[in-house]
Amino acid sequence: MIKNDKIYHIVSICSLVLHICVFVFVIIVAFLPFHEKRNFYECFIGFFGNSLSFIQPYFVMMILFLSCLGTVFAIKRPMFSFMTVVCSVSFFVIAALPYSIEAMIVGFASPWISGSMSMFGIGFDLIMAASYIFYFDIAFFIYSLITSFIRSKTNFKYFL
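Calculation rules
- Counting starts from 1 at the beginning of each chain's written sequence and moves along it residue by residue.
- The model is predicted, so local features are restricted to residues of pLDDT at least 70 and side-chain atom pairs to those at 80 or more, both for listing and for counting; the totals for chains, interfaces and linings are taken over all residues.
- Heavy atoms throughout the structure, all of them, feed into the side-chain values; hydrogens and water do not.
- In this text, helices come from DSSP runs of H or I with a minimum length of four residues, and strands from runs of E with a minimum of two, each type numbered from the N-terminal end.
- One less than the residue count of a helix, multiplied by 1.5 Å, gives the span that helix is expected to have.
- Note on classification: 1.4 Å probe, protein chains only; a residue is buried when its accessible area is under 20% of the maximum for its type, exposed when over 50%, partly exposed between these limits.
- Fitted lines through C-alpha atoms give the axes, limited to the stretch in contact for helices. The angle between two N-to-C directions lies from 0 to 180 degrees.
- Every angle not falling under 35 degrees, over 145, or within 65 to 115 is termed oblique; those three ranges are roughly parallel, roughly antiparallel and roughly perpendicular.
- By convention the crossing between two helices is left-handed if the near helix lies anticlockwise of the far one by an angle smaller than a right angle, and right-handed if it lies clockwise.
- Note on contacts: a residue pair qualifies if any of its non-hydrogen atoms lie within 4.5 Å across the two residues.
- Nonpolar residues are Ala, Val, Leu, Ile, Met, Phe, Trp, Tyr, Cys and Pro. Charged residues are Asp, Glu, Lys and Arg, and all others, Gly as well, are polar.
- Aromatic rings from Phe, Tyr and Trp, with only the six-membered ring used for Trp, were paired whenever their centres fell within 6.5 Å, and each pair was classed as stacked if the ring planes differed by under 30 degrees, edge-to-face if by over 60, and tilted otherwise.

Enquirer: For this particular structure, what's the right way to read helix α3 (residues 56–74)?
Expert: Count 3.6 residues to each turn of an α-helix, and residues three or four apart come out pointing the same way. An ideal rise of 1.5 Å per residue puts 27 Å on 19 residues; α3 measures up with 27 Å between its terminal C-alpha atoms. Of the residues making up α3, those classed as buried are Q56, P57, V60, M61, I63, L64, S67, C68, G70, T71 and A74.

Enquirer: Before we go on, may I ask you to explain the packing of α3 against helix α4 (residues 81–95) in this structure?
Expert: A pair of packed helices is captured by two measures, namely the crossing angle of their axes and the spacing between those axes. Where α3 contacts α4, the two axes come as close as 8 Å, and the packing angle between them is 160 degrees. Relative to α4, α3 is oriented roughly antiparallel. The interaxial crossing formed by α3 with α4 has left-handed handedness. Within the contact between the two elements, α3 uses V60, M61, I63, L64, L66, S67, G70, T71 and A74 and α4 uses S81, M83, T84, C87, S88, S90, F91, F92 and I94. When its residues are assigned to classes, the contact of α3 with α4 shows 11 nonpolar, 7 polar and no charged.

Enquirer: Would you take a moment to explain the packing of aromatic side chains for this structure?
Expert: The description of an aromatic ring pair uses the distance of the two centres, along with the angle that the planes make with each other. For the structure shown, the criterion picks out 16 aromatic pairs. Ring centres 5.4 Å apart and planes at 70 degrees place the aromatic pair F34 and F124 in the edge-to-face group. Taken together, the residues span a long stretch of sequence, with F34 in the loop between α1 (3–29) and α2 (40–44) and F124 in helix α6 (residues 122–130) at a distance of 90 residues. The same class applies to F34 and to F124, which are both buried. Among the aromatic residues, those joined into a ring-pair cluster are F31, F34, F40, Y41, Y58, F91, F92, Y99 and F124.

If you want it as structure tokens, here you go:
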């Protein structure tokens, strides 16, 4: 095992631990007030329609779990770090959807009807603070690309 593989192995395990910590943090913080004194789970029930509305918040959490799963696979195959980036960005974009939609509507309609934003709680603030893992994901993805190219020079089977 070359020195770059050892470093990549250590960094990928640190990434796995970090993603698991963020996943557990978001699950716990999701019970705090998210939007108008409702938690994350209550906020997303029925947000995207009525059919199977009770499972929607858990489906959204599953996306964040897939980012953890992507980091597990990225330990041996560096290109799975792309899955990690996509899943974590998708989760945090979906989590910010209620705020984004409301801010757009209030910003558009406020000159005519003087609208105001509703209350977003500490749960929303902490989940959005956890979204800064995206910067680490981008840096890790770039590092995994470099590692993949270095590995491809020695053996092609490690590229994918």
